[in-house]
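Architecture at a glance
Below, each chain spelled out in residue letters.
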There are 2 protein chains.
Amino acid sequence: MSKSDIPYKIYLEENEIPTTWYNVRADMKEKPAPLLNPGTLEPLKFEEMQPIFCDELIKQELDDDTRDVPIPDQIQDFYRMYRPSPLIHAEFLEKALDTPAKIFYKFEGSNTSGSHKLNSAIAQAYYAKQQGLKGVTTETGAGQWGTALSMACAFFDIDCKVFMVKVSYEQKPFRREVMRTYGAEVTSSPSMDTEIGRKINAENPGTTGSLGCAISEAVEVAVKSEGYRYVLGSVLNQVLLHQSVIGIETKTACDKYGIKPDIIIGSAGGGSNLGGLISPFMGEKLRGEADYRIIAVEPASCPSFTRGKFAYDFADLGMVCPMAKMYTLGHGFIPSANHAGGLRYHGMSAILSQLYHDGLMEAVAVEQTSVFDAATLFARTEGILPAPESGHAIRAAIDEALKCKESGEEKIIIFGLTGTGYFDMKAYEQYNDKTMTDHIPTDEELAKGLAGIPEVNR
Amino acid sequence: MSKSDIPYKIYLEENEIPTTWYNVRADMKEKPAPLLNPGTLEPLKFEEMQPIFCDELIKQELDDDTRDVPIPDQIQDFYRMYRPSPLIHAEFLEKALDTPAKIFYKFEGSNTSGSHKLNSAIAQAYYAKQQGLKGVTTETGAGQWGTALSMACAFFDIDCKVFMVKVSYEQKPFRREVMRTYGAEVTSSPSMDTEIGRKINAENPGTTGSLGCAISEAVEVAVKSEGYRYVLGSVLNQVLLHQSVIGIETKTACDKYGIKPDIIIGSAGGGSNLGGLISPFMGEKLRGEADYRIIAVEPASCPSFTRGKFAYDFADLGMVCPMAKMYTLGHGFIPSANHAGGLRYHGMSAILSQLYHDGLMEAVAVEQTSVFDAATLFARTEGILPAPESGHAIRAAIDEALKCKESGEEKIIIFGLTGTGYFDMKAYEQYNDKTMTDHIPTDEELAKGLAGIPEVNR
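Here is a short report on the structure shown in this document. Here the structure is a predicted model, which is why all the values come from computation and not from measurement. (Residues numbered from 1 in each chain as written. Chains lettered and ligands numbered in written order. Predicted model: local features only at pLDDT ≥ 70, side-chain atom pairs only at ≥ 80, totals over all residues. Heavy atoms only, no water.)

This part is about the sheet that holds strand β9 (residues 228–230) of chain A. All names here are of chain A. On the basis of which strands lie adjacent, the open sheet formed by 4 strands has the order β8-β7-β6-β9 and parallel pairing. The sheet terminates laterally at β8 (185–189) and β9, the two strands that pair on one side only. Going across the sheet, the axis of each strand differs from the next one's by a mean of 25°, ignoring polarity. Summarising the sheet, strand β6 (residues 135–140) and β9 pair through 3 bridges and their orientation is parallel. If you follow Val136 over to β9, its bridge partner there is Arg229. Strands β6, β7 (159–165) and β8 of the sheet are contacted by helix α8 (residues 173–181), whose axis makes an angle of about 175° with β7. Running over the sheet, helix α10 (residues 211–224) touches β6, β7, β8 and β9 and is turned about 170° from β6. (Pairing = 2+ DSSP bridges. Helix = DSSP H or I, 4+ residues; strand = E, 2+ residues; numbered from the N terminus. Axes fitted to C-alpha atoms, helices over the stretch in contact; angles between N-to-C directions. Contact = heavy atoms within 4.5 Å.)

Residues and elements named next belong to chain B. Note that Gly391 resides in helix α16 (residues 388–407). Taking C-alpha positions, Gly391 is 9.8 Å from Gly266, a pair spaced 125 residues apart along the chain. With residues near it in sequence (within four places) discarded, Gly391 still touches Val371, Ala374 and Ala375.

The next point concerns the sheet that holds strand β11 (residues 293–299) of chain A. In a beta sheet, neighbouring strands pair by backbone hydrogen bonds and run either parallel or antiparallel. Residue and element names in this part refer to chain A. If you trace the 7 strands from one edge of the open sheet to the other, you get β1-β4-β5-β15-β10-β11-β14, paired in mixed fashion. Edge positions in the sheet fall to β1 (9–10) and β14 (362–366), since each has one partner strand and no second. The sheet contact formed by strand β5 (residues 102–107) and strand β15 (residues 412–417) spans 6 bridges and is parallel. Opposite Ile103, over in β15, you have Ile413 as the bridge partner.

Tracing the sequence through the fold places Gln354 of chain B in helix α14 (residues 350–357). Not counting residues up to four positions away in its chain, the partners in contact with Gln354 of chain B are Met28, Glu30, Lys31, Pro32, Ala33 and Phe310 of chain B.

In helix packing, the relevant descriptors are the interaxial angle and the interaxial distance, both defined with respect to the helix axes. Residues and elements named next belong to chain B. One way to put it is that helix α3 (residues 73–82) packs onto helix α5 (residues 118–130) with a least axis distance of 10 Å and a crossing angle of 150°. Taken together, α3 and α5 sit at an angle that is classed as roughly antiparallel. Of the two elements, α3 crosses α5, and the hand of that crossing is right-handed. Here α3 contributes Gln74, Ile75, Phe78, Tyr79 and Tyr82 to the contact with α5, which in turn contributes Leu118, Asn119, Ile122, Ala123, Tyr126, Tyr127 and Gln130. The class makeup of the residues in the contact of α3 with α5 is 9 nonpolar, 3 polar and no charged. (Parallel < 35°, antiparallel > 145°, perpendicular 65-115°, else oblique. Left-handed = near helix turned anticlockwise from the far one by under 90°. Nonpolar A, V, L, I, M, F, W, Y, C, P; charged D, E, K, R; others polar.)

With that settled, the discussion passes to the relation of the copies chain B and chain A. Expressed as a screw operation, the relation of chain B to chain A combines 0.0 Å of axial shift with a rotation of 180°, fitting to an RMSD of 0.0 Å. When the rotation and shift are considered jointly, the pair of chain copies conforms to a two-fold rotation axis. No C-alpha of chain B approaches the rotation axis more nearly than that of Ser110 of chain B, which lies at 3.0 Å. Both copies contact each other with a shared surface, as 100% of the interface residues of chain B are interface residues in chain A too. (Least-squares fit on C-alpha atoms with pLDDT ≥ 70 in both.)

So this is what it looks like as structure tokens:
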């Protein structure tokens, strides 16, 4: 690979945007464990999921076999609005680090939702529209998923009801306003509009909310409202399927320019970006065609991979959702109040959990001030102000590049830059004011959440 | 032009990024009037400008003759970070309007500063660095210019002191935080740190500030501090020179795909984006090689082209800057408090003023609720949430496209989408809440500002 051959920003042609999604499950020998009905503890059937999810999305959720799933034309049309996303050679960051490593990042933030979430939002809105639904409900934490879904629903002209975790609702009024501009109805969670919301408010006065709680509220409204279904922006198999566009484009760009990555790094909350980014590379690894180091990066204050348990657990606080086998800190886990940087979900994608369990990928946990150190250096050198979530991957990429500096190795590192931080300036303000703190939960602090994981013998 | 030949988003190759700026003054028969020394009323000499501006930038300011100015390598390097910017075919907007017109927009907002301002910021920071200066001072209104300059100064590791108009400083704390993340020092204007700031505060208790006032403060600090110069993000000839990259790329893309625009539309505050966008097209028009309708769009509440006077006036409220001949509402003019949408400068680029005076372009004024109507429709159809400033051009482009619907004409319209509105959600909130109002100043209201324009007989 010679530098001069590779443009600073690799933009594929429009006809190189994927026309199929890649389903990594088709290549997994050990399939992810099925979702369970929490009542019967039996694998959930299509019919049981119908009150909650859109029909076509359930099919995608359950399909472990189809490898390449055609992307409907109207979704491809929408993808053309903001895809292909660039694979950028981080020349200026490399120079600042004085590393022989070559660093590339796949930048998913140059759309109005500010993140990769749009890739799945548009697919989910499309299938809801196809099914003749009135609208969808969802939750949002940092706000990226809610924004993405609002945009997607505006495009297909269906309703969008968003339960926004209270702490974000209050800290990010402008995120809320973007959603409203796209026509969404945004409610602070826990709210007094749902049974579960009223219950959580009563039991935890002054709670700032959690994703698990907002999920419960959104599901309740979907199930109780005629013509609505619930949609989710991460964790689920279907989401990783849609997000595979990230990895397919990345791999196409690598192949086109002869870039052979040694290490692939992604931030991991529920796993949507990481899962999408690594899918085709993991496919090669699973088929024995190539090998890569794949690293999931999570917050030290919400360490589901590195300190969680691989077990069946509830996806939400209200226990209204199916159970999934995953690395989890317990469905009651809520990160400490000083945690600013997103990636706050208690569990992890079942697909990624299985892959991690099988030793096919690594995981590291990083502390938030070190994440903002990395994010700020990145902003100043590469000119893009990253989302705190994305900062986790940057941190790990920098750490690997610095190891290369020590060893003199010219490794090729690719990481996912999931989005921009324009709506996260409250957290940057804390960092700039030096009032940001770290929190690594003690074993005792984690014990309560872990103790809430049910015993399921399967 | 057949639709199938043209990609939805036209990305030029990296080697098609301009290597020279285009100086439209070289092709103007009637040159813009020179800047005057307010004391002597004689054209300002190089030496007189040196205490305020960087040497090389003064040369560019005064040079009416050199047509193509080479772009230094380090600036080209930086341009590669976020350029070429895409020229996007507004297919989805066309469909929503049901118009036979073809609409394209040059999108300058996909960089962290959120606007085209970076094109000139990086040039100005470069020349300050080359001159061995410690840093630069400036003002910012909506915040885009300040953000852009902060990024540019971080890249070249020089100081950046920003006076931010008080109303924006308070309404946009997150803009301020982005600048701080890039290492800038941000002060609310009018401040108590400068003589002129203290004077304005004393004379106008509770003032929310103005660009003219912030300029005065920034100039004062630059002149009084060793190793600092003042830089400005709009209005000046040098800025239009740097911004010509927008127009050159647009023209290259048009030529490459056989797009022959009938109408070119840009929002106009000080004229930086409009001037840059139209430069090479105006050049053809001046040389008699082609004809285009060129339309400047300004807020009805700050109507310098459509209701101002073509006369010498001060560039700033404190009258410390040189005088420029331009369309002006008077240097004391401050838009009414309900004006939310940027483009609030009392004057206009001398180049554009001369071109308008000579009948080479048109101007329209639009009201802010109609701007937000257009911006919201655009956001929902094209997926990009525009800056309110950019909304002005969108409004005019939609109006022209709707005229085409009436007449059945397939005109080709290009407009400049200067930036994104992520930091302007306060204004969108007003619009979403239907509390936004319009204000067209009466002749009496304008009279006070106009009366303050000095009599200069030249």
